[in-house]
Amino acid sequence: MNKSAIGGMPRPDRKERDGLIRLDKLLTHFGCATRRQAIDAVRRGRVQVNGAACCDPAAKVDPERDEIRFDGVVQSYQKNRYLLMNKPRGAITAVTDRRETVLDLLPESERRGLFPVGRLDKDTEGLLILTTDGQLCHALMSPRRHVEKVYLAGVSGELAPDAAARFAGGLVLRDGTECRPATLEPAGTEDGLTVWRVALREGKYHQVKRMIAAVGGHVETLRRVAVGTLTLPEGLAPGEWRPLLPDELKRLLSHTGEE
């Protein structure tokens, strides 16, 4: 067993260890600074590793074992990243596109490795998860996991009297597509439209719009307000985002069986 060159703490030989990351790159991952700012901060002695100042931006550290302090504050490492966004209308749910995407709404330093979980139409707004965790993405999108997605639809036109019962029984769309049982409930009015709460456990193409159309209405506005245990926070304006809180992530992982 060798002693680390950083902090003087015992550490296994490098050959025995996995997951070493350059210090400046790790600080960028934490969101402390851009890569250039991180390099400057390390050289100025603003970073400590295992209690000792480290002035080498290229020093290799173990994010799961080494204690990293930036300006005296301990930084917590998370292998994957999880963001919650209130997607605005007009943004494309994709990683790259010739039009504005949801990733374009993030600072460039935050975008690395992120991808949206599922897809919201260009004219649909609301809760969207961005992550680097492919397993969670699969769990949330797999019909076999039965993860509920809740929408508020502003609808013009009058729905059929048996619309809720048809949703509950598993609606068949006009082109023959079979939908799983879903919930349809009135949720007031907004801007002259009747608002309906729609809860699904799958995600077929334009499903909410097509289901509403099948019972006589037309969706004018659509907002997703919940995915599994996660709900859209009040006060998070369209286009704004924040990291998932630890409790939110824990409940979501537990709900999908990924914890």
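Quick summary incoming for the structure in this document. (Residues numbered from 1 in each chain as written. Predicted model: local features only at pLDDT ≥ 70, side-chain atom pairs only at ≥ 80, totals over all residues. Heavy atoms only, no water.)

1. So, helix 2 (residues 35-43)
Right, so step 1: Taken together, the buried positions of helix 2 are occupied by A38, A41 and V42. Taken down its axis, helix 2 places every buried residue within 95 degrees of arc, on the same side. In this structure, helix 2 carries R36 and R43 as exposed residues pointing more than 90 degrees from its buried face.
Right, so step 2: The inward-facing, buried residues of helix 2 contact helix 1 (23-30), strand 4 (47-49) and strand 7 (68-70).
Right, so step 3: With its phi angle positive at about 80 degrees, G45 sits one or two positions after the end of helix 2. (Buried < 20%, exposed > 50% of the residue type's maximum accessible area, 1.4 Å probe, protein only. Helix = DSSP H or I, 4+ residues; strand = E, 2+ residues; numbered from the N terminus. Arc of directions from axis to C-beta. Contact = heavy atoms within 4.5 Å.)

2. A look at the nonpolar core
Right, so step 1: The biggest cluster of nonpolar side chains holds 31 residues, and the ones touching the most others in it are L130, L159, F167, L184, V208, M211 and I212.
Right, so step 2: Considering each element in turn, this core owes the most residues, four residues, to helix 5 (residues 207-214).
Right, so step 3: Setting aside chain neighbours within four positions, we find M211 in contact with F167, L171, L173, C179, A182 and L200.
Right, so step 4: In this structure, L84, C137, L236 and L252 belong to the second largest nonpolar core, which totals 17 residues. (Core = buried A, V, L, I, M, F, W, Y, C linked by side-chain atoms within 4.5 Å.)

3. What about the sheet that holds strand 4?
Right, so step 1: As summarised here, the arrangement of the four strands in space is 5-4-7-8, forming an open sheet in which the pairing is antiparallel. Only two strands of the sheet have a single partner each, and these edge strands are strand 5 (52-53) and strand 8 (73-74).
Right, so step 2: Note: strand 4 against strand 7, three bridges, orientation antiparallel. Paired with V49 across the strands is I68, a residue of strand 7.
Right, so step 3: Here helix 1 sits on the sheet in contact with strand 4 and strand 7, set at roughly 70 degrees to strand 7. (Pairing = 2+ DSSP bridges. Axes fitted to C-alpha atoms, helices over the stretch in contact; angles between N-to-C directions.)

4. With respect to the pattern of salt bridges
Right, so step 1: As enumerated under the stated definition, the model contains 18 salt bridges in all.
Right, so step 2: Of the charged contacts, one joins D71 and R46 as a salt bridge, the two residues approaching to 2.8 Å between their closest N and O atoms. Of this pair, D71 sits in the loop between strand 7 and strand 8 while R46 is found in the loop between helix 2 and strand 4, placing the two residues 25 residues apart along the sequence.
Right, so step 3: A residue is classified by how much of its surface remains accessible, and D71, at 44% relative accessible area, is partly exposed.
Right, so step 4: The partner of E125 in a salt bridge is R89, with the nearest N and O atoms 3.9 Å apart. You can see E125 sitting in strand 11 (residues 125-131) and its partner R89 sitting in the loop between strand 9 (82-87) and strand 10 (115-116), a full 36 residues away along the chain.
Right, so step 5: Assessed through its relative accessible area of 13%, E125 is described here as buried. (Salt bridge = Lys/Arg side-chain N within 4 Å of Asp/Glu carboxyl O.)

5. Considering the packing of helix 1 against helix 2
Right, so step 1: Axis separation between helix 1 and helix 2 bottoms out at 8 Å; the angle between their running directions is 120 degrees. As the angle between them shows, helix 1 and helix 2 are arranged oblique. The way helix 1 lies across helix 2 gives a crossing that is right-handed. When helix 1 is examined against helix 2, the residues L23, D24, K25, L27 and T28 are found in contact with a partner set consisting of R35, A38, I39 and V42.
Right, so step 2: For the contact of helix 1 with helix 2, the class distribution of residues is five nonpolar, one polar and three charged. (Parallel < 35°, antiparallel > 145°, perpendicular 65-115°, else oblique. Left-handed = near helix turned anticlockwise from the far one by under 90°. Nonpolar A, V, L, I, M, F, W, Y, C, P; charged D, E, K, R; others polar.)

In short, the description is geometric, and any link to function would need to be established separately.
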